[in-house]
Each structure stands twice: as C-alpha cells, then as structure tokens.
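One letter stands for each residue in the lines below.
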Amino acid sequence: MSLLDHIRELRYRIIVSFIAVVITSSVAFVFYRPLVEIVMYPYQQASFAIKAKNPTASLQVVNTGVAAPFVLNMRVAIVAGLIAACPIWLYQVWAFIVPGLLVNEKKWALRFLGSAIPLFLIGSALGYWVLPKGIALMLNFTPHGMGITNLLDMNAFLALEIHVILLFGVSFLLPVILVLLNLVHVLSSAQLKSARKWSIFGFFCLGAFVNPSGDPISMCALAIPLSVMYVIAEWICRSNERKRSIDKMGIDKSEFDIQID
C-alpha cells in the first residue's frame, strides 16, 4: 500500500471507531442517572472513610454554572460509550495493522481482541477501585476542627476520574502492544530483555504519576501488574520469534529439497 492508501485506511478506521463511540454514547445518555451514580460511588466511599475517622468533616459536591449539569451528563455518556465501544475501536486498531502481517500471522487477530478487551476493562476497573483510596488520602489532609468545608466540583471530579480510569485501562494494553510490535518486526524479545529493568522502574514512576494520591498501595496496584505483564509479553515475543525461526527453517529446507530433486 502507498502512503496515501495508508492514510485513507487510517481515516476509515477512525471514522468507524468514532461512529461506534457516538452510538454507544447516545445509548448511555439515556441512562445517565445510574451512570452518574456509578461516577459518584468512589467519592461516596471516600466520604464514608473520611467521616468514619472524623465525624465533623464537612464535604459537599457542587455544580458550578447553568450548563454544568448538561456538560456533566454528556461527559459521563461519552466516557461510558468509549468503554462500551472498546471491542470495536480495538478491532479497528488491529485491522489497520493486519495488512502489514503475513497471512499465517493473521490468526493472531482473535487472540489480540481476546486479550486486549479484558485487559482494558480490568485496568479500567482497577483504576475505579483505586480512586476512592486516593481521594480519601488527599482529603484527610484537611485540618480538623477549623470549620473548613471541602467543595468538590462535579465536572472537575469527573475529569480526575476519567484521567485515572482511562490511564489504567490503556496502561494494561501494554503487553498486547508489545506483542503486536513484535509481530510486525519492530520490536524483538532481546530489546525487551535489555530494557526490562528500566521499564519496571518506569512503571513505578508511572504508578506514582497517574494515581491521584501518590500512596504506595495505589502506585503498586498499577506498577506490579504492568511489570508482570511486561515479563509475560517478553516471553510471548521470544516464543513467537522461536516459532518464526522454525517455520523459516522448514521453508528453507523444503526449497533445498526441491532443488536437489
């Protein structure tokens, strides 16, 4: 394919993904009330934890601006639609890469989707689980007995929640991306092995950066799974290279036998 053909292909994949997200977001907008309740659940859990330690703590959620409730519902629906449409846009990512693979490697498509979808959802769920702990830790720094009320803007809180959930979800796609790069001969298992120590160090830095509290539990909740999945991806890449070498040797041997005959 020429560069222009690749651009057309990319445009088509983006349009299909965009339409899928629009459809799922439209459906999610109908159910915005239970979705907002889901969004608020981490804050409610953090609030319960804070008031259990300090019953006099004053916490209040506010919406600022006339259009704020509508903007909130739209953003909640879009995020829900993005998560719900992950099988479609993940497939579009794969379908854009497939033309660059050999025919016998296209069987990895189902394996890609079968691993990428649950990993993205598990990562998103982990970010959702970590969020209340980070909120509680940050709000616990409020001085007690001074009449200070913590006002939480809903849209600002939603932006934080989106940031954490999507970063956790996308981060969990790392092993799939590494294997995909190995399939297209961009990355080798030897390169992964040489970068392993620095990568694991980077995972802990990433865990400290993306979680809102910076506490070690939240940091390790992201860094440890990523480190384990990195090693697994390295092993898969090594196995894939070994199999590729065996297949190539088999082809070369067959060509040699044909020439002898």
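Analysis parameters
Residues numbered from 1 in each chain as written. Predicted model: local features only at pLDDT ≥ 70, side-chain atom pairs only at ≥ 80, totals over all residues. Heavy atoms only, no water. Salt bridge = Lys/Arg side-chain N within 4 Å of Asp/Glu carboxyl O. Helix = DSSP H or I, 4+ residues; strand = E, 2+ residues; numbered from the N terminus. Buried < 20%, exposed > 50% of the residue type's maximum accessible area, 1.4 Å probe, protein only. Phe/Tyr/Trp six-rings, centres within 6.5 Å; stacked < 30°, edge-to-face > 60°. Patch = residues over 30% accessible without salt bridge, like charges linked within 9 Å, V, L, I, M, F, W, Y side chains within 5 Å. Areas by Shrake-Rupley, 256 points an atom, 1.4 Å probe, with all protein chains shown as cover. Axes fitted to C-alpha atoms, helices over the stretch in contact; angles between N-to-C directions. Parallel < 35°, antiparallel > 145°, perpendicular 65-115°, else oblique. Contact = heavy atoms within 4.5 Å. Nonpolar A, V, L, I, M, F, W, Y, C, P; charged D, E, K, R; others polar. pLDDT = per-residue confidence, 0-100.

A. Region of the structure containing the pattern of salt bridges. The final tally for this structure, using the stated rule, is three salt bridges. Between R238 and E234 there is a salt bridge; the shortest N-O distance is 2.8 Å. With R238 and E234 both in helix α10 (residues 216-260), this residue pair falls four residues apart, about one helical turn. Judged by its relative accessible area of 2%, E234 is buried. It is possible to trace a salt-bridge network through shared partners that takes in R196, E234 and R238.

B. The packing of aromatic side chains, seen in detail. Evaluated as defined, the whole model comprises seven aromatic pairs. A ring pair is formed by W198 and F201, whose centres lie 6.3 Å apart and whose planes are at 90°; its orientation type is edge-to-face. One end of the pair is W198 and the other is F201, both in helix α9 (residues 196-210) and three residues apart, which spans about a single turn. Residue W198 shares its accessibility class with F201, and that shared class is exposed. Taking 5.9 Å as the distance between ring centres and 65° as the angle between the ring planes, the aromatic pair formed by F203 and Y230 counts as edge-to-face. In this pair, F203 is assigned in helix α9 and Y230 in helix α10, connecting sequence segments 27 residues apart. Residue F203 shares its accessibility class with Y230, and that shared class is buried. One aromatic cluster is present, built from ring pairs that chain together F29, Y32 and F70.

C. How the structure looks around a nonpolar patch on the surface. A cluster of nonpolar side chains, contributed by I15, F18, I19, V22, I23, V27, V30 and F31, occupies part of the molecular surface with about 780 Å² of accessible area. The residue F31 is located in the loop between α1 (3-30) and α2 (32-53) in this model. According to the relative accessible area criterion, F31 is partly exposed, its value standing at 48%.

D. Representation of the packing of α2 against helix α6 (residues 154-171) within the structure. Put simply, α2 and α6 touch, their axes get as near as 11 Å, and they point 90° apart. Compared by their axis directions, α2 and α6 come out roughly perpendicular. Where α2 approaches α6, its residues I38, V39, M40, P42 and Y43 are matched on the opposing element by M154, F157, L158 and E161. A class-by-class count of the residues in the contact of α2 with α6 yields eight nonpolar, no polar and one charged.

E. Region of interest: the confidence of the model for the chain. With 84% of its residues at a pLDDT of 70 or more, the chain shows a mean pLDDT of 79. Of all the helices and strands in the chain, α10 carries the lowest mean pLDDT, 73, while α1 carries the highest, 88.

F. Just the environment of L152, in detail. Assignment of secondary structure puts L152 in strand β2 (residues 149-153). Separated by 92 residues in the primary sequence, L152 and Q60 place their C-alpha atoms 6.2 Å from one another. Residues within four places of L152 in sequence aside, it is in contact with Y43, Q60, V61, V62 and F157.

G. Just the packing of α2 against helix α3 (residues 68-84), in detail. The interhelical angle for the contact between α2 and α3, taken along N-to-C directions, is 85°, at an axis separation of 10 Å. As summarised for this structure, α2 and α3 are arranged roughly perpendicular, according to the angle between their axes. Only N73, V76 and A80 of α3 make contact with α2, whose side of the interface consists of Y32, L35, V36 and V39. For the contact of α2 with α3, a count of residues per class yields six nonpolar, one polar and no charged.

H. Quick look at the side chain of N155. Summarising the element assignment, N155 is placed in helix α6. With sequence-adjacent residues up to four places away left out, N155 is seen in contact with N63, A68, V71, L72 and R75.

I. Expanded view of the environment of F157. With respect to the secondary-structure elements, F157 resides in helix α6. What makes F157 buried here is its relative accessible area of 2%. With 96 residues separating them along the chain, F157 and V61 place their C-alpha atoms 9.4 Å apart. Apart from residues lying up to four places away in sequence, F157 is in contact with V39, M40, P42, Y43, L131, I135 and L152.

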